[in-house]
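# Descriptive analysis of the structure
Below, each chain spelled out in residue letters.
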Amino acid sequence: MKTLRLAHLYPDLMNLYGDRGNIIVLRRRCAWRGIELVVDDVSIGDDLAGDYDLAFIGGGQDREQLLVCRDFQRRLDQFKGMVDGGLVVLAICGGYQLLGRRFLTYQNEELPGLGILDIETVGGQKRLIGNVVVKVKLDGSERLLVGFENHSGRTILGPGARPLGTIERGFGNNGRDGTEGARQANVFGTYLHGSLLPKNPWFADYLLEPALKRKYGDDFSLEPLDDGLEDAARTAAIRRIEEIHRRRWVPGWFKR
Ligand code: GLN
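Quantities reported herein were computed from a predicted structural model and do not represent experimental measurements.

Attention now goes to the overall build of the chain. When helices and strands are counted, the chain shows seven helices and 12 strands. For a compact globule of 256 residues, the expected C-alpha radius of gyration is about 18 Å, and the chain comes in at 18 Å, within 12% of that figure. The C-alpha extent of the chain, read off along each of the three principal axes, is 60 × 45 × 30 Å. Out of the 256 residues in the chain, the part that is buried amounts to 50%. Partitioning the intrachain contacts of the chain with sequence separation of at least 6 by distance along the chain shows that 69% fall at a separation of at least 24. On the chain, roughly 12,100 Å² of surface is accessible, and the fraction owed to carbon and sulfur atoms is 50%. Taking the average location of the 36 positive side-chain charges in the chain and that of its 35 negative ones, the two points are 7 Å from each other.

Pasting the structure below:
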C-alpha cells in the first residue's frame, strides 16, 4: 500500500474555523485511492522526527502565534532542509504569516517567522473579514478557490514568492493589491479558512500529487474522483457570494 506522512503542526494551538478539516479531506481523498495518509501531531516541545511528505499548519490568534513562533524558530534549519527536499506545505492564515519573515501585530509585537516564504505581515486596526473567491492560474487553465477570511494582518509579497491567486471577491493578502496567498516551491500559504480543502477538493489533489510523485516517481498520477457534489457546493457558494455582492450595490436595496 502506498503511504504518505503528514506533520500536523501545532494542531492544539493553530486551528481556527475547523482548519483541521483540511487534514480530513487529504486523508479521505488518499483512502479513496488506496493510499494511507499517516498524520503525526507535532506541537510545542515535540520532535519533528519523521520522513514527512507533507506538513500542515492552520490559523491562530496573535496570542497563539506568539507561543508557536518561539518553538517554530528552533526547528528553522530542520524545516528549511525538509522544504528544500520537496516537502509540500499548506499553511492557513496565522500559520501562513509564520512561514514569512515576520509578523508585526497590530499591538506592535514582532513575531519572527521562518522566512520560508518571502512575505511580511503587518497587523492593521480594522480586521479583514468575509467570504473570498480567488482565481488561480494553473498550467494554462484557471480554477477558483472559495473560502472565508478573518485577519488583521496585511501581507506583502517579496520577489521570491508568487501570489497563489488573484482576488475576485474579498480582501486577500492586504485588501489593496488584489493578490491572495503565496507560493514558493512546494510551499503554499493562504488566508482561506473554510475549511479550504472540503470546499475546494481540486486543490487537495494539487497538493497530494507532487508529494506522491516525489515519493513514487514522476510517472505516478492520481486517479480522478467524482467531485460532482463538491463542485456543485462550491458553485452554489460562489453564486451566493456574487448575489450578496450584487445586492449590496443595488441602490435602494436596504429599503426593500
Ligand atoms: N492572528 C492573525 C491575524 O489576525 C491570524 C488570524 C487567523 O489565523 N485567522 O492576522
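Now for a negative patch on the surface. A grouping of Asp-12, Asp-41, Asp-46 and Asp-47 is seen on the molecular surface, where their side chains present a negatively charged patch. Tracing the sequence through the fold places Asp-12 in the loop between strand E1 (2-9) and helix H1 (21-31).

The sheet built from six strands is open, its strands ordered E2-E1-E3-E4-E12-E11 with mixed pairing. The strands lining the two open edges of the sheet, one partner per strand, are strand E2 (35-42) and strand E11 (182-184). Sheet twist, expressed as the mean angle between neighbouring strand axes with direction ignored, is 15°. Across three bridges, the pairing between E11 and strand E12 (residues 187-190) is antiparallel. What sits directly across from Gln-184, in E12, is Val-187.

The next subject is the nonpolar core. Counting 66 residues, the largest nonpolar core has Leu-9, Phe-79 and Phe-203 as its most contacted members. Counting residues per element, this core draws most heavily on helix H6 (residues 201-216), at seven residues. Aside from chain neighbours lying at most four places away, what touches Leu-9 is Val-42, Leu-48, Ala-55, Phe-56, Ile-57, Phe-72 and Phe-79.

Okay, the environment of Gly-58 next. Of note, Gly-58 is situated in the loop between strand E3 (54-57) and helix H2 (62-73). A sequence separation of 135 residues divides Gly-58 from His-193, and the C-alpha atoms of the two residues are 8.5 Å apart. When residues no more than four places from it in sequence are discounted, the contact partners of Gly-58 are Met-14, Asp-19, Ile-92, Gly-94 and Gly-95.

The immediate surroundings of the ligand are formed by 15 residues, with Asp-62, Gln-65, Cys-93, Asn-150 and Gly-153 found nearest. At 2.4 Å, a side-chain N or O of Asp-62 approaches a nitrogen atom of the ligand. Asn-150 is positioned such that a nitrogen or oxygen atom in its backbone is 2.9 Å from a nitrogen atom of the ligand. For the ligand, whose unbound accessible area comes to 300 Å², protein coverage reaches 99%. Secondary-structure elements contributing two or more residues to the shell around the ligand are H2, helix H4 (94-99) and strand E8 (141-157). Here the element with the most residues in the shell around the ligand is E8; it accounts for four residues. In terms of residue class, the shell around the ligand is made up of two nonpolar, 11 polar and two charged.

Relative to E2, E1 runs parallel, the two sharing eight bridges. What sits directly across from Thr-3, in E2, is Glu-36. The β-α-β motif built from E1, the intervening H1 and the parallel element E2 has right-handed crossover chirality.

Our focus in this paragraph is the pattern of salt bridges. One pass over the full model with this rule turns up 17 salt bridges. In this structure, Arg-214 engages Asp-53 in a salt bridge whose closest nitrogen and oxygen atoms are separated by 3.9 Å. With Arg-214 in helix H6 and Asp-53 in the loop between E2 and E3, the pair connects residues that are 161 residues apart, well separated along the chain. The exposure class assigned to Asp-53 is buried, which follows from its relative accessible area of 4%. Across the salt bridge formed by Arg-246 and Glu-243, the nearest N and O atoms sit 2.8 Å from each other.

So, about empty space enclosed by the protein. In total, this model carries one cavity of 30 Å³ or more according to the counting rule given. Approximately 40 Å³ is the volume found for the largest cavity. Residue lining of the largest cavity: Leu-6, Leu-26, Leu-54, Ala-55, Phe-56, Val-88, Val-89, Leu-90 and Leu-207, and that is the complete set. Every element with two or more residues in the lining of the largest cavity is listed here: E3 and strand E4 (88-92).

Thresholds applied
- Residues numbered from 1 in each chain as written.
- Predicted model: local features only at pLDDT ≥ 70, side-chain atom pairs only at ≥ 80, totals over all residues.
- Heavy atoms only, no water.
- Helix = DSSP H or I, 4+ residues; strand = E, 2+ residues; numbered from the N terminus.
- Rg over C-alpha atoms; globule rule 2.2 N^0.38 Å.
- Buried < 20%, exposed > 50% of the residue type's maximum accessible area, 1.4 Å probe, protein only.
- Contact = heavy atoms within 4.5 Å.
- Areas by Shrake-Rupley, 256 points an atom, 1.4 Å probe, with all protein chains shown as cover.
- Lys, Arg positive; Asp, Glu negative; His and termini not counted.
- Charge placed at Lys NZ, Arg CZ, Asp CG, Glu CD.
- Patch = residues over 30% accessible without salt bridge, like charges linked within 9 Å, V, L, I, M, F, W, Y side chains within 5 Å.
- Salt bridge = Lys/Arg side-chain N within 4 Å of Asp/Glu carboxyl O.
- Pairing = 2+ DSSP bridges.
- Axes fitted to C-alpha atoms, helices over the stretch in contact; angles between N-to-C directions.
- Core = buried A, V, L, I, M, F, W, Y, C linked by side-chain atoms within 4.5 Å.
- Near = heavy atom within 4 Å.
- Polar contact = N/O pair within 3.5 Å; in protein donor to acceptor, adjacent residues only side chain to side chain.
- Nonpolar A, V, L, I, M, F, W, Y, C, P; charged D, E, K, R; others polar.
- Right-handed = clockwise from strand over helix to strand, strands pointing away.
- 1 Å grid on protein atoms, 1.4 Å probe; cavity = no way out; pocket = protein on both sides within 12 Å on 5 of 7 lines; lining within 4 Å.
- Points joined across faces, edges and corners; volume = space filled by probe spheres on them.

In short, shape yes, function no, at least from these values alone.
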